[in-house]
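Single-letter residue listing:
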Amino acid sequence: MNNKLKTFDSRIDYGIILPVFILSLVGLLSLYVSLVNDPLNPNVLTLMLKQLLWLLLGAVAIIVVMQFSSKTLWKVTPYFYGFGLFIMTILLKFYDKNLYNSTGSKNWFNLGPLSFQPSELMKIAYILMLAYIVTKHNSENSHTLKNDGILIGKLFLVTVPVAILLKLQQDLGTMLVFVAILGGVFLMSGISWRIIVPTVVVFIALGSGIIYLMLSENGRQFLYDVVGVKQYQFARIDSWLDPFHDTAGKSMQQAQALIAIGSGGLFGKGFNVSEVYVPVRESDMIFTVIAENFGFIGSVFVIFTYFILIYQMIRVCFDTNNEFYAYIATGIIMMILFHVFENVGANIGLLPLTGIPLPFISQGGSSLLGNMIGIGLMLSMRFQQDDYIKLQR
């Protein structure tokens, strides 16, 4: 019996579990500080209990997802992807009206005391579907320019419905995460560099063109009339370029975030000290709590913990002999990496604010659950190490 327990224990990747546990603990402490010092959040205990319940639900999700073999994941992936599209479609009808009136976005359900963002689970479904398509295509075709072009077309076809739904929901920030996931899987799919290099050049040119349009008056008018970019999105760009141009209005959040981070200094002010007010600090701006309380040292520790987590996931990706798992791992790594990069970058003023939460730390049940499911998939690759999917050629 001891040998069986030892075998079971050896299949659990504690190198992934430990960083997630540390980040979740940092999240609870930071959330407490942000809530208890915010006069607009009187129900601190209720919100803390809700976050703790989401963490427990996420832990259960990890345990359940770990039990899924790659063969089972392979079978359910198309259905999971279809279900995700269905949920995101009905969201256009049953979205949170109050949130829409304040932000203009239709990306949340409101079910009594609980709210939920379906796109967080759609990220997992999308990752699985990309992995499914690439694995199946590569098992049936050799890598020629023609076959690589067909693969790109397949990836495009499963991305377009998601992009359309996110556009209708006015959720540009989340769309950027999907683009990052697609980019990671695209680069790892074995597609010829004769296609990858021109594609990267086109994306760089496209990004540069969008930035140019954002910075010019005529360009903004074009983006507003043709593309449908909203005024609040232009305001975020203005706040990014000059955080202190309207500190009493549109750029207040960005300006206060920079002041809070800077005020933390090298070692921070100490736990539960909040002398600088930052709007919506408990979610998108929670990194400012870490920086103000624990300073540069504490901030670096959190970022280093993320690096450890990413490194451990990359190690699992390279260790697996299962192609389907490898592409799933690539998508999850890109999802978490982009979240960290964008959230921290926005908090310190390197990137515009997009409303993307900090994984395992920011308040938000749907984001936390989606990330925990991703971790469960990563752990299943070690837990199901003797399982290998054999595809029919």
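Residues numbered from 1 in each chain as written. Predicted model: local features only at pLDDT ≥ 70, side-chain atom pairs only at ≥ 80, totals over all residues. Heavy atoms only, no water.

- An unreviewed UniProt entry annotates the protein as Cell cycle protein FtsW originating from Vagococcus lutrae LBD1.
- UniProt's Subcellular location (unreviewed entry) comment on the protein is quoted here verbatim: "Membrane". (UniProt positions renumbered as here; feature names shortened; annotations may be inferred.)

### Comments concerning the packing of helix α3 (residues 44-66) against helix α15 (residues 365-383)
Phase 1 of the analysis: Relative orientation of the contacting elements α3 and α15 amounts to 25 degrees, with a least axis distance of 8 Å. As judged from the angle between their axes, α3 and α15 are roughly parallel. The hand of the α3/α15 crossing is right-handed. Two secondary-structure elements touch here, α3 through Gln51, Trp54, Leu55, Leu57, Gly58, Ala61, Ile62, Val65 and Met66 and α15 through Gly365, Leu368, Leu369, Met372, Ile373, Ile375, Gly376, Leu377, Leu379, Ser380 and Phe383.
Phase 2 of the analysis: Considering only residue class, the contact of α3 with α15 consists of 15 nonpolar, five polar and no charged. (Axes fitted to C-alpha atoms, helices over the stretch in contact; angles between N-to-C directions. Helix = DSSP H or I, 4+ residues; strand = E, 2+ residues; numbered from the N terminus. Parallel < 35°, antiparallel > 145°, perpendicular 65-115°, else oblique. Left-handed = near helix turned anticlockwise from the far one by under 90°. Contact = heavy atoms within 4.5 Å. Nonpolar A, V, L, I, M, F, W, Y, C, P; charged D, E, K, R; others polar.)

### A short note on the packing of helix α2 (residues 14-36) against α3
Phase 1 of the analysis: Between α2 and α3, whose axes approach to 10 Å, the crossing angle comes to 165 degrees. On the basis of their axis angle, the class for α2 and α3 is roughly antiparallel. In the packing of α2 onto α3, the handedness of the crossing is right-handed. Between α2 and α3, the residues in contact are Ser24, Leu28, Leu31, Tyr32, Leu35 and Val36 and Val44, Leu47, Met48, Gln51, Leu52 and Leu55, respectively.

### Points about unusual backbone geometry
Phase 1 of the analysis: Of note, Val280 is a non-glycine position whose phi angle comes to about 55 degrees, a positive value.
Phase 2 of the analysis: By the element assignment, Val280 lies in the loop between α12 (252-263) and α13 (287-319).
Phase 3 of the analysis: The exposure class assigned to Val280 is partly exposed, which follows from its relative accessible area of 38%.
Phase 4 of the analysis: Of note in the backbone geometry, Phe360 takes a positive phi value of approximately 70 degrees without being a glycine.
Phase 5 of the analysis: Phe360 gets classed as buried once you look at its relative accessible area, which sits at 3%. (Buried < 20%, exposed > 50% of the residue type's maximum accessible area, 1.4 Å probe, protein only.)

### Some words on the nonpolar core
The nonpolar side chains of soluble globular proteins are, as a tendency, buried together.
Phase 1 of the analysis: In this structure, Met313, Ile328, Ile336, Phe360, Ile361 and Ile375 are the most contacted members of the largest nonpolar core, which totals 92 residues.
Phase 2 of the analysis: When residues of this core are assigned to their parent elements, the largest contribution, 13 residues, is made by helix α14 (residues 323-347).
Phase 3 of the analysis: A domain-level breakdown of this core finds at least three residues from each of domain 1 (14-67 + 253-387) and domain 2 (70-191).
Phase 4 of the analysis: Setting aside its immediate chain neighbours within four residues, Phe360 contacts Val20, Leu23, Ser24, Gly27, Tyr306, Leu309, Ile336, Leu368, Asn371, Met372 and Ile375.
Phase 5 of the analysis: Within the second largest apolar cluster, seven residues are counted, among which are Ala257, Ala260, Val276 and Met285. (Core = buried A, V, L, I, M, F, W, Y, C linked by side-chain atoms within 4.5 Å. Domains from an automatic or database assignment.)

### Quick look at helix α10 (residues 217-227)
Phase 1 of the analysis: When we look at burial in α10, the residues that qualify are Gly219, Arg220 and Leu223. Looking straight down α10, one finds that the buried residues subtend no more than 100 degrees of arc, so they occupy a single side. Along α10, exposed side chains directed more than 90 degrees from the buried face belong to Glu217, Asn218, Asp225 and Val226.
Phase 2 of the analysis: On its buried face, α10 is in contact with α9 (193-215) and α11 (231-241).
Phase 3 of the analysis: If you check the start of α10, you find a side-chain oxygen 3.1 Å away from the backbone N of Gly219, and it comes from Ser216.
Phase 4 of the analysis: Downstream of α10 by one or two residues, Gly228 has phi in the positive range, about 90 degrees. (Arc of directions from axis to C-beta. Polar contact = N/O pair within 3.5 Å; in protein donor to acceptor, adjacent residues only side chain to side chain.)

### Focus: the pattern of salt bridges
Pairing is possible between side chains that carry opposite charge, provided their charged atoms lie close to one another.
Phase 1 of the analysis: Under the counting rule described, the total for this entry stands at ten salt bridges.
Phase 2 of the analysis: Between Arg220 and Asp238 there is a salt bridge, with its nearest N and O atoms 2.5 Å apart. You can see Arg220 sitting in helix α10 and its partner Asp238 sitting in helix α11, a full 18 residues away along the chain.
Phase 3 of the analysis: The class for Arg220 is buried, based on a relative accessible area of 18%.
Phase 4 of the analysis: Overall, Asp238 belongs to the partly exposed group, its relative accessible area being 27%.
Phase 5 of the analysis: Ionic pairing is found between Glu275 and Lys269, a salt bridge with its closest N-O pair at 3.2 Å.
Phase 6 of the analysis: The exposed category is assigned to Glu275, whose relative accessible area is 62%.
Phase 7 of the analysis: Classification of Lys269 as partly exposed rests on a relative accessible area of 26%. (Salt bridge = Lys/Arg side-chain N within 4 Å of Asp/Glu carboxyl O.)

### Re the packing of aromatic side chains
Phase 1 of the analysis: According to the stated counting rule, one finds four aromatic pairs in the structure shown.
Phase 2 of the analysis: Seen from their ring centres, Trp74 and Tyr132 are 4.3 Å apart, and the 35 degrees between their planes marks the pair as tilted. Here Tyr132 lies in helix α6 (residues 118-140) and Trp74 lies in helix α4 (residues 70-91), a separation of 58 residues in the sequence.
Phase 3 of the analysis: Ring geometry for Tyr126 against Phe178: centres 5.2 Å apart, planes inclined by 65 degrees, an arrangement best described as edge-to-face. Of this pair, Tyr126 sits in helix α6 while Phe178 sits in helix α8 (residues 172-188); the two residues are 52 residues apart in sequence, bridging distant segments of the chain. (Phe/Tyr/Trp six-rings, centres within 6.5 Å; stacked < 30°, edge-to-face > 60°.)

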